[in-house]
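Okay, here's what each chain looks like letter by letter:
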Amino acid sequence: MRENERATGITIGEGIMSVRFAIQYFFQRIQRVSLLACCMLGFGATVSAQLITNDGAAVTINSGSTAVIYVDGGLLNQNGGTWDNSGEIKLTGDWTHNASNYLFINSSPGTVTMTGTNQQILGSGVTHFHHLDLDGPGTKHMVNTDIQVEGILSLDSAELATDTNTAFITNTAIAALTRATGFVSSLGDGGLSRQTNFANTYQFFVGSSAGTSRYRPVDIQPTNSSPQTFKVRMANVDPTAEGYSTTNKDTSLCLVSDEFFHLISRANGSASADIVIWFDSLYDGGFNAMAHWQNLPQWQNMGTISTNFATSPTLSNITVSGWNDFILPPFALANINPAISLSSTSDTICIGDTVHYTATPGLTNYQFLNGNSQVQSGPSNMLSISTLTNGDTISVVATDAFGCSGTDLSTIVVTTPPTSAFYCDSSNAPTVDFTDQSTGNATSWSWDFGDGITSILQNPSHTYNSSGTYSVTLIVENLCGNDTITKQVAITIVGISDQLDHAISIYPNPNDGRFQVQISHITTEKALFEVYDARGRKVYAAKSGRFSGSHIEAIDLSMHSNGAYLIKVMIGDVVVMKRVVLR
């Protein structure tokens, strides 16, 4: 076979290699076929064919990058065929691998370049490419097979459509994936997988041409250099279509993007990672949050983010740092409801006062309401109002640039000046109990008892030293004003013995010899109790300890004869006599 001759087909079998020209060459019993650039192909030589089929042979291309097999069609590998490629295989047709091996052996450092339009990678076996260069235009389809790239996957300007399959990049170098304008698209469980062992940014060039064409890559930066494996797929649909309803979200989220989402999984490793999702602010909208699907089920806010907004067609991005929950793969861009607070110069005012309200600044529109009635709407976050009545509720609905809103409210207390009133209880004179009965939410009280003594208690008690009529004045006040009332209080102070006489009672009386002597409203160090019969003989004597307010002395004369007895109670120098009857 001469240099640069074009054949209609090349078949390499275990027993024969035949090249079909107009004249057929036939070689007997070839156990191993080596295409040697320096020998068979020549330096930089090219072998051209419409189809190459390796039907079980071991093929070697061993002259570095200068040896090229150009297939103006497809390549089929089957029946255990192997390739040891140190050069380059270029093909315009489909790549089919139907052997159970990885096709390439001996860590072949060569390149497979797919230069055709809309080619396929298919077959029952998984090809382990070293370098795979998608040089041609259009889409390269992976049909019912995964692929593994151990060197560099160059997307160039092509779409690598994995369908439900996975393109694995096992080279941990940052630059193991390159592109011009190309991207990887996937469906279902398919995706782009990369192994990492650097704490640097690994790019996942993912997108989709289905429906609205989108290129929306993801960057993942592990927080340490331990071995990890991440897989990414961009789903170019509303998450609801794949079972992740955008209406199921936590209360902090305003909306979850219904244009597209990503499925990001960690197949190996345990390190957290920074996740960056890119988007086009013109076609996708603006976002200020990232959401992760939890098995509640609902979308949940991923927390603190950093944003980098750019003008389309330059892509913007959102970053979540140190993320370590990859149990479920769905991730989406989102918007949060803004946190709004409403403050006022006062929440307690007088009738006609002006209140100034201020809401959280920086949003695009503020709607202020009194109850359900709008008071003001526009870009200002401040409201001044002087027509409030007691119990009015001022609220604000603030909307941000993304159309999301937050709300807060404040209830106002409108106060009137108080009206002064009080009640006095002199039943325990000379001590009088005063009770405030003012209306109008008084906040301070000022009493003048008419004898030179004052108090600021709301409900005080006061003891007078002498009988008489006193002018008692109460002044009540709040922030809106004050009011005064004066009443006359008559005080009669009886003698000490009279007072003590009224304070002592006996019960039951008459009795069977067992009864009680009760002393009320008296404070003393001690009280003496003596009982005398009708002949004047002392039949009982006792002494109490100190007491304050009241005291009960239980007396038992049940062993004495029925009849009248005289009880003598002595407190200090005061003596009170009481009569009791036994029967």
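What comes next is a walk through the structure.

Conventions adopted
- Residues numbered from 1 in each chain as written.
- Predicted model: local features only at pLDDT ≥ 70, side-chain atom pairs only at ≥ 80, totals over all residues.
- Heavy atoms only, no water.
- Phe/Tyr/Trp six-rings, centres within 6.5 Å; stacked < 30°, edge-to-face > 60°.
- Helix = DSSP H or I, 4+ residues; strand = E, 2+ residues; numbered from the N terminus.
- Buried < 20%, exposed > 50% of the residue type's maximum accessible area, 1.4 Å probe, protein only.
- Pairing = 2+ DSSP bridges.
- Patch = residues over 30% accessible without salt bridge, like charges linked within 9 Å, V, L, I, M, F, W, Y side chains within 5 Å.
- Areas by Shrake-Rupley, 256 points an atom, 1.4 Å probe, with all protein chains shown as cover.
- Salt bridge = Lys/Arg side-chain N within 4 Å of Asp/Glu carboxyl O.
- Disulfide = S-S within 2.5 Å.

1. Structural notes on the packing of aromatic side chains
Step number 1: As enumerated under the stated definition, the model contains 19 aromatic pairs in all.
Step number 2: Ring plane angle 65° and centroid distance 5.7 Å describe the contact between Phe-230 and Phe-326, whose orientation is recorded as edge-to-face. In this pair, Phe-230 sits in strand S27 (residues 228-235) while Phe-326 sits in the loop between strand S34 (316-323) and strand S35 (330-336), placing the two residues 96 residues apart along the sequence.
Step number 3: Accessibility expressed as a relative area gives 0% for Phe-230, which makes it buried.
Step number 4: Note on Phe-326: relative accessible area 9%, which makes it buried.
Step number 5: Between Phe-434 and Trp-447, the ring centres sit 5.5 Å apart and the planes meet at 50°, which makes this aromatic pair tilted.

2. Quick notes on the sheet that holds strand S50 (residues 468-478)
Step number 1: The 4 strands lie next to each other as S48-S47-S50-S51, forming an open sheet whose pairing is antiparallel. The open sheet has two free edges, formed respectively by strand S48 (454-455) and strand S51 (481-491), since each of these has just one partner strand.
Step number 2: Here strand S47 (residues 444-448) pairs with S48 via 2 bridges, running antiparallel. Note on S48: the bridge partner recorded for Asp-448 is Thr-454.

3. Comments concerning a nonpolar patch on the surface
Step number 1: On the surface, Leu-566, Val-575 and Met-577 cluster together into a nonpolar patch covering about 220 Å² of accessible area.
Step number 2: Within the secondary structure layout, Leu-566 lies in strand S57 (residues 563-571).

4. Structural notes on the state of the cysteines
Disulfide: a covalent bond connecting the sulfur atoms of a pair of cysteines.
Step number 1: Within the structure shown, the criterion is met by 2 disulfides.
Step number 2: Here Cys-254 engages in a disulfide with Cys-404; their sulfurs sit 2.2 Å apart. Taking the sign of the S-S torsion, -85° for the link of Cys-254 and Cys-404, the bridge is left-handed. With Cys-254 in strand S28 (residues 253-256) and Cys-404 in the loop between strand S42 (393-399) and strand S43 (405-411), this pair connects stretches of sequence that are 150 residues apart.
Step number 3: According to the relative accessible area criterion, Cys-254 is partly exposed, its value standing at 21%.
Step number 4: There is a disulfide in this structure between Cys-350 and Cys-480, and the S-S distance comes to 1.8 Å. Judged by the sign of its S-S torsion, about -105°, the cystine formed by Cys-350 and Cys-480 is left-handed. Separated by 130 residues along the polypeptide, Cys-350 in strand S37 (residues 348-350) and Cys-480 in the loop between S50 and S51 bring together distant segments of the chain.

5. Topic: the pattern of salt bridges
Step number 1: All chains considered together, the criterion is met by 7 salt bridges.
Step number 2: Its salt-bridge partner being Glu-259, residue Arg-214 comes within 2.6 Å of it at the nearest N-O pair. Residue Arg-214 is found in strand S25 (residues 214-215), and its partner Glu-259 is found in the loop between S28 and strand S29 (261-268); the two are separated by 45 residues along the sequence.
Step number 3: Put simply, Arg-537 and Asp-533 hold a salt bridge, and the shortest N to O gap is 2.9 Å.
Step number 4: Within this structure, Arg-214, Arg-216, Glu-259 and Asp-284 form a network of salt bridges that share partners.

6. Focus on unusual backbone geometry
Step number 1: With omega at 15°, the peptide bond leading from Ser-312 into Pro-313 counts as cis.
Step number 2: Tracing the backbone through its elements, the reader meets Pro-313 in the loop between strand S33 (306-308) and S34.
Step number 3: Note that the residue after Tyr-507, namely Pro-508, is joined by a cis bond; omega there is -15°.
Step number 4: Note that Pro-508 resides in the loop between strand S52 (504-507) and strand S53 (514-524).
Step number 5: Of note in this structure, Asp-156 is not a glycine but carries a positive phi near 50°.
Step number 6: On the secondary structure map, Asp-156 appears in the loop between strand S17 (153-154) and strand S18 (159-161).
Step number 7: Classification of Asp-156 as partly exposed rests on a relative accessible area of 21%.
Step number 8: With a phi angle near 60°, Asp-163 is a residue other than glycine that sits in the positive phi range.
Step number 9: Tracing the sequence through the fold places Asp-163 in the loop between S18 and strand S19 (166-169).

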